[in-house]
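If you want the building blocks of each chain, they are given just below.
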Amino acid sequence: MQAMRRDTPSLRSWADQDRILLGLILVLTAAGIVMMGSASMDFAAEKKHNPFYFLGMHTAFVSAGLLAMWVMTQIPLALWYRTGPTLLVAGLLLLILVL
């Protein structure tokens, strides 16, 4: 019985891994926003007369992506397992459609 408990990951260890993964996602996203802002500031000032134009657009799209990520995490895992093959085929058909 004791060996069985050691082999099964606890809920706490999964929660810790999720926090680490979320932290890494947020750090990489923030680094991307900073790099995108610094790389496009001169171009945006010249073309759009607003040095923060592309930074604002990128931040809005990143925010929409993070919101979509949160919504996807609220869908039960059983639904993903049940609809996975159908979604895979649909995705492949859409990829073929744009070739």
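Above this note sits the structure.
One structure accompanies this document, and this report is about it. (Residues numbered from 1 in each chain as written. Predicted model: local features only at pLDDT ≥ 70, side-chain atom pairs only at ≥ 80, totals over all residues. Heavy atoms only, no water.)

Some remarks on the overall build of the protein chain
The following threshold applies: Strands here mean DSSP runs of E at least two residues long; helices mean DSSP runs of H or I at least four residues long; both are numbered from the N terminus. Burial here depends on accessible area, computed with a 1.4 Å probe over protein chains only, as a share of the maximum for the residue type. Under 20% is buried, over 50% is exposed, and the range in between is partly exposed. Method for areas: the Shrake-Rupley scheme with a 1.4 Å probe, in which residue coverage is limited to the protein chains shown.
Assigned secondary structure in the protein chain consists of 4 helices and 0 strands. Ordered by position from N to C terminus, the α and β elements of the protein chain give α-α-α-α. The buried share of the protein chain, taken over its 99 residues, is 5%. Summed over all atoms, the accessible surface of the protein chain reaches about 8500 Å², with 74% contributed by carbon and sulfur.

Some words on the packing of aromatic side chains
Going by this rule: Pairing of aromatic side chains here covers Phe, Tyr and the six-membered ring of Trp, requires ring centres within 6.5 Å, and sorts the geometry by plane angle: under 30 degrees stacked, over 60 edge-to-face, intermediate tilted.
The final tally for this structure, using the stated rule, is 2 aromatic pairs. Between F43 and F54, the aromatic rings sit 5.9 Å apart at their centres with planes inclined by 25°, giving stacked as the arrangement. Placement of F43 in helix α2 (residues 11-47) and of F54 in helix α3 (residues 53-73) is noted, with a sequence separation of 11 residues between them. Exposure remark for F43: the relative accessible area of 45% places this residue in the partly exposed category. Overall, F54 belongs to the partly exposed group, its relative accessible area being 26%. Among the aromatic residues, those joined into a ring-pair cluster are F43, Y53 and F54.

Quick word on the pattern of salt bridges
Inclusion rule: What makes a salt bridge here is a side-chain nitrogen of Lys or Arg within 4 Å of a carboxyl oxygen of Asp or Glu, nothing more.
Applying the stated criterion to the full structure yields 1 salt bridge. A salt bridge links E46 to K47, with the nearest nitrogen and oxygen atoms 4.0 Å apart.

Considerations on a nonpolar patch on the surface
This is how it is decided: Like-charged residues are merged into a patch within 9 Å and nonpolar side chains (Val, Leu, Ile, Met, Phe, Trp, Tyr) within 5 Å, provided each residue has over 30% relative accessible area and no salt bridge.
A grouping of L67, W70, V71, M72, L77, W80, Y81 and L87 is seen on the molecular surface, where their side chains present a nonpolar patch of about 880 Å² in accessible area. Elements supplying a minimum of two residues to the nonpolar patch: α3 and α4 (77-97). Tracing the backbone through its elements, the reader meets M72 in helix α3. By relative accessible area, which is 40% here, M72 ends up partly exposed.

Comments concerning α4
Condition: Helix span is expected to be 1.5 Å times the residue number reduced by one. Throughout, bend refers to the angle between the axes fitted to the seven residues that end at a position and the seven residues that start at it.
Between its first and last C-alpha atoms α4 spans 29 Å; for 21 residues at 1.5 Å apiece the expected length is 30 Å, and the two agree. By the largest-angle criterion, T83 marks the main kink of α4, which is about 55°, and a proline, P85, follows within four residues. Counting buried positions along α4 gives 0 out of 21 residues, so the element sits mostly on the surface.

Some points on unusual backbone geometry
Unusually for a residue other than glycine, H49 sits at a positive phi of about 60°. Considering the arrangement of structural elements, one finds H49 in the loop between α2 and α3.

Some points on the environment of V34
As for its placement among the helices and strands, V34 is situated in helix α2. Overall, the relative accessible area of 59% leaves V34 in the exposed class. Remark: the alpha-carbon pair of V34 and L55, spanning 21 residues in sequence, is separated by 8.3 Å.

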